[in-house]
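Letter by letter, the chains look like this.
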Amino acid sequence: MFAAERRQLILEMVRANGAVSLRELARVVQTSEVTVRRDVRALEAEGLLDRRHGGAVLPGGFTRESGFPQKSHLATAEKTAIADLAANFVEEGEAIVVGAGTTTQELARRLARVPGLTVVTNSLLVAQALAHANRVEVVMTGGTLRGSNYALVGSGAEQSLHGLRVSRAFLSGAGLTAERGLSTSNMLSASVDRALVQAAAEVVVLADHTKLGTDTMFQTVPTDLITRLVTDEPPAHDDRAATELQALADQGVQIAVAGGQGGSSAGAGAGGPGGDSVPARQQRRDVPVPGPRRQVPGGGGPLRSASSASMLGEQGPGAERARVADLRRR
């Protein structure tokens with residue numbers, strides 16, 4: 001494929017999806033990420049797109065929201081690894097909330113094996129993934145259906161969450177930065193996600209490395225309310241993603257990296273919820289919060305049992321910085 005043809009295809013992909021990772025672009029145009037990065041720089045110089053950490057977005061500073069068909073085909077391997085790892089933070093008999101998104105949909109498919117679980121969600125896709133799980137109770141919010149991501153939004157959804165209290169919220173979004181936290185491109189979706197956060201003692205964000213350093217219009221969860229980030233291993237050349245991880249860890253966010261080799265796997269090999277063991281490729285690099293965790297406004301302390309605290313593994317701040325520094329060197 002000639003350079004002009006590659007760049008035209010890259011431009012079409014970005015226009016169709018709003019944001020595309022370099023890894024995905026390289027796969028589609030069947031060339032190396034080095035070549036794709038060179039093409040992206042050339043297109044940026046012409047003002048046709050903007051470069052972001054590990055990818056390219058539409059020009060203008062903030063990415064627009066892609067529809068479900070486009071998002072479902074982006075970073076599929078990364079989302080699978082993230083969902084596999086995130087499922088290990090859910091215990092039998094818990095009550096949790098799960099927000100809308102393609103990554104949370106992958107998580108829901110794995111939660112079907114957790115007995116005694118109660119899942120509150122505003123996502124039709126999450127509910128569908130759990131519909132035939134006879135040991136899982138699904139509670140849906142009210143609201144108005146938003147067809148682009150099959151989520152219930154609006155005042156009905158938010159009001160149905162008033163007075164709710166669960167142990168954890170699992171959320172995704174369009175972008176994540178240490179400065180601003182999790183964000184999304186749609187005001188209605190952001191408002192419902194904030195209501196989900198208010199219902200939870202802990203907040204777990206699921207975001208692949210392409211979302212690190214990306215900022216979008218509406219803040220969903222400020223950084224100081226994010227308990228844990230579950231992400232994938234950034235590419236070796238992606239210093240920006242590693243820098244963003246370091247900044248998030250410095251602000252007290254626990255970092256769990258899926259797909260890493262040789263990372264810490266404390267609590268992961270003995271079997272997660274439902275007795276399923278974690279394959280070697282999903283070993284966890286876990287960076288705990290240094291000191292007491294900040295509380296969600298209006299709520300009590302974290303609803304975490306002694307067994308879950310043991311599973312998460314307690315390490316000191318020095319181990320946290322060393323772990324993320326190791327990612328930067330990679």
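My aim in this report is to walk through the structure given alongside it, one point at a time. (Residues numbered from 1 in each chain as written. Predicted model: local features only at pLDDT ≥ 70, side-chain atom pairs only at ≥ 80, totals over all residues. Heavy atoms only, no water.)

### Remarks on the sheet that holds strand β11 (residues 181-184)
- One open sheet accounts for three strands, arranged β10-β11-β13; its pairing is antiparallel. Both outer strands of the open sheet, β10 (175-177) and β13 (218-221), are each paired with one neighbouring strand and no more. Across this sheet, the average inter-strand angle for adjacent strands is 35°, counted without regard to direction.
- Sheet analysis places β11 next to β13, joined by three bridges and oriented antiparallel. Looking across to β13, one finds that T184 is bridged to F218. (Pairing = 2+ DSSP bridges. Helix = DSSP H or I, 4+ residues; strand = E, 2+ residues; numbered from the N terminus. Axes fitted to C-alpha atoms, helices over the stretch in contact; angles between N-to-C directions.)

### What to know about a nonpolar patch on the surface
- Where nonpolar side chains cluster on the molecular surface, the patch consists of L124, M140, L145 and Y150 and spans about 330 Å² of accessible area.
- Within the element layout of this structure, L124 appears in helix α7 (residues 124-130).
- On the basis of relative accessibility, which here comes to 31%, the residue L124 falls in the partly exposed class. (Patch = residues over 30% accessible without salt bridge, like charges linked within 9 Å, V, L, I, M, F, W, Y side chains within 5 Å. Areas by Shrake-Rupley, 256 points an atom, 1.4 Å probe, with all protein chains shown as cover. Salt bridge = Lys/Arg side-chain N within 4 Å of Asp/Glu carboxyl O. Buried < 20%, exposed > 50% of the residue type's maximum accessible area, 1.4 Å probe, protein only.)

### A look at the environment of S160
- Along the polypeptide, S160 turns up in helix α8 (residues 155-160).
- Taking relative accessible area as the criterion, S160 reaches 39% and is therefore assigned partly exposed.
- It is 6.3 Å that separates the C-alpha atoms of S160 and G142, two residues lying 18 residues apart in sequence.
- Non-local contacts of S160, meaning those with residues more than four positions away in its chain, are made with T141 and G142. (Contact = heavy atoms within 4.5 Å.)

### Comments concerning the nonpolar core
- In this structure, L176, V205, V221, L229, L248 and I255 are the most contacted members of the largest nonpolar core, which totals 28 residues.
- Among the secondary structure elements, those contributing two or more residues to this core are β9 (166-171), α9 (187-198), β12 (200-206), α10 (239-250) and β15 (254-258).
- Of all the elements, α10 adds the most residues to this core, at four residues.
- The residues contacting V205, other than those within four sequence positions of it, are L171, L176, L182, I226, R228, L229 and V230. (Core = buried A, V, L, I, M, F, W, Y, C linked by side-chain atoms within 4.5 Å.)

### Observations concerning the side chain of D39
- Relative to the helices and strands, D39 resides in helix α3 (residues 33-45).
- Under the relative-accessibility criterion, D39 is labelled buried at 1%.

### With respect to the packing of helix α2 (residues 22-29) against α3
- Axis separation between α2 and α3 bottoms out at 9 Å; the angle between their running directions is 105°. Regarding the angle of α2 to α3, the classification is roughly perpendicular. Along the contact surface, α2 presents L22, R23, L25, A26 and V29, while α3 presents E33, V36, R37 and V40.
- In terms of residue class, the contact of α2 with α3 is built from six nonpolar, no polar and three charged. (Parallel < 35°, antiparallel > 145°, perpendicular 65-115°, else oblique. Nonpolar A, V, L, I, M, F, W, Y, C, P; charged D, E, K, R; others polar.)

### Focus: the environment of L145
- Structurally, the position occupied by L145 is in strand β7 (residues 144-146).
- Each C-alpha atom, one on L145 and one on S123, is 9.2 Å from the other, the two residues being 22 residues apart in sequence.
- Discounting chain neighbours no more than four positions away, the residues touching L145 are L124, Y150, A151 and L152.

### Comments concerning the pairing of β12
- With seven of seven residues buried, β12 lies mostly within the body of the structure.
- Pairing geometry for β9 and β12, over five bridges, is parallel. In the strand pairing of β12, A169 is matched with V203.
- Taken together, the three bridges between β12 and strand β14 (residues 228-232) define a ladder with parallel strand orientation. Considered in β14, the bridge of L206 is made with V230.

Honestly, it's all geometry; don't read function into it.
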